[in-house]
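Now for the letters of each chain:
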Amino acid sequence: MKWITREKIKVDRVACPWLIKKFIDCDAEFIFLPHDTHWSSITDGILFDVPHCELGHHGEDVSFNSILKKYKLSEPALILLGEIVRAADSRPSDPHPAGEGLRWIAGGFGKLGLTDHEILEREFIVYDALFAECKHRLNPP
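As the structure is a computational prediction, the values presented were derived from the model and not from experiment.

Asks: Lay out the nonpolar core in plain terms, naming residues and giving numbers.
Replies: Core analysis: the biggest nonpolar cluster contains 37 residues, and Trp-18, Phe-64, Leu-81, Val-85, Leu-102 and Tyr-127 have the highest contact counts within it. Of all the secondary-structure elements, those providing two or more residues to this core are α1 (12-23), β2 (29-33), α2 (63-70), α3 (76-89), α4 (98-110) and α5 (116-138). With eight residues, α5 is the largest single contributor of residues to this core. If we ignore the near neighbours within four places in the chain, the residues touching Phe-64 are Asp-12, Ala-15, Cys-16, Trp-18, Leu-19, Leu-78, Leu-81, Gly-82 and Val-85. In this structure, Ile-42, Leu-47, Val-50 and Cys-53 belong to the second largest nonpolar core, which totals six residues.

Below, the structure is given as structure tokens:
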């Protein structure tokens, strides 16, 4: 399936593809379009993290949270990771403290001069590590 979002990816637009590839569509193809794209005219693919889409920001939820809800992904470690992504990508009323570090990491990747696909390739390991830490924090040995 084609998954379509805005170019120049940062926190949510990296976290969502990680979530999609790991838990929803392992064969997902990601397409990054300019911010001024007329999103309502796109019918060949699933939109995420673009204005006025189902899998976007709603209230304090970011697109990662919307995807968790739509696909009924309720694993506690994913919910915790969603809190971190929300804190890094927006300004929620009660941000998770790890969000600021994730915001810095995403900002750094954006400054490396990589393409969006190169950022996904390199940054997925960050989300693998965060997810592992979330699982560990919720179920310590």
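Asks: Would you mind going over α1 in detail, with residue names and values included?
Replies: The end-to-end C-alpha distance of α1, which contains 12 residues, comes to 16 Å, matching closely the 16 Å that a straight helix rising 1.5 Å per residue would cover. Most of α1 is tucked away, with nine of its 12 residues classed as buried. Among the residues of α1, those classed as buried are Asp-12, Arg-13, Val-14, Ala-15, Cys-16, Pro-17, Trp-18, Leu-19 and Ile-20. Where α1 is buried, its residues contact β1 (2-6), β2, α2, α3 and α5.

Asks: Describe unusual backbone geometry, listing the residues and the values that go with them.
Replies: With a phi close to 55 degrees, Lys-8 is a non-glycine residue in the positive phi region. Here Lys-8 shows up in the loop between β1 and α1. The backbone phi angle of Asp-49 is positive, close to 50 degrees, even though this residue is not glycine. With respect to the element layout, Asp-49 can be found in the loop between β3 (46-47) and α2. Overall, the relative accessible area of 4% leaves Asp-49 in the buried class.

Reading guide: rules and limits
Residues numbered from 1 in each chain as written. Predicted model: local features only at pLDDT ≥ 70, side-chain atom pairs only at ≥ 80, totals over all residues. Heavy atoms only, no water. Core = buried A, V, L, I, M, F, W, Y, C linked by side-chain atoms within 4.5 Å. Buried < 20%, exposed > 50% of the residue type's maximum accessible area, 1.4 Å probe, protein only. Helix = DSSP H or I, 4+ residues; strand = E, 2+ residues; numbered from the N terminus. Contact = heavy atoms within 4.5 Å. Expected span 1.5 Å × (residues − 1).

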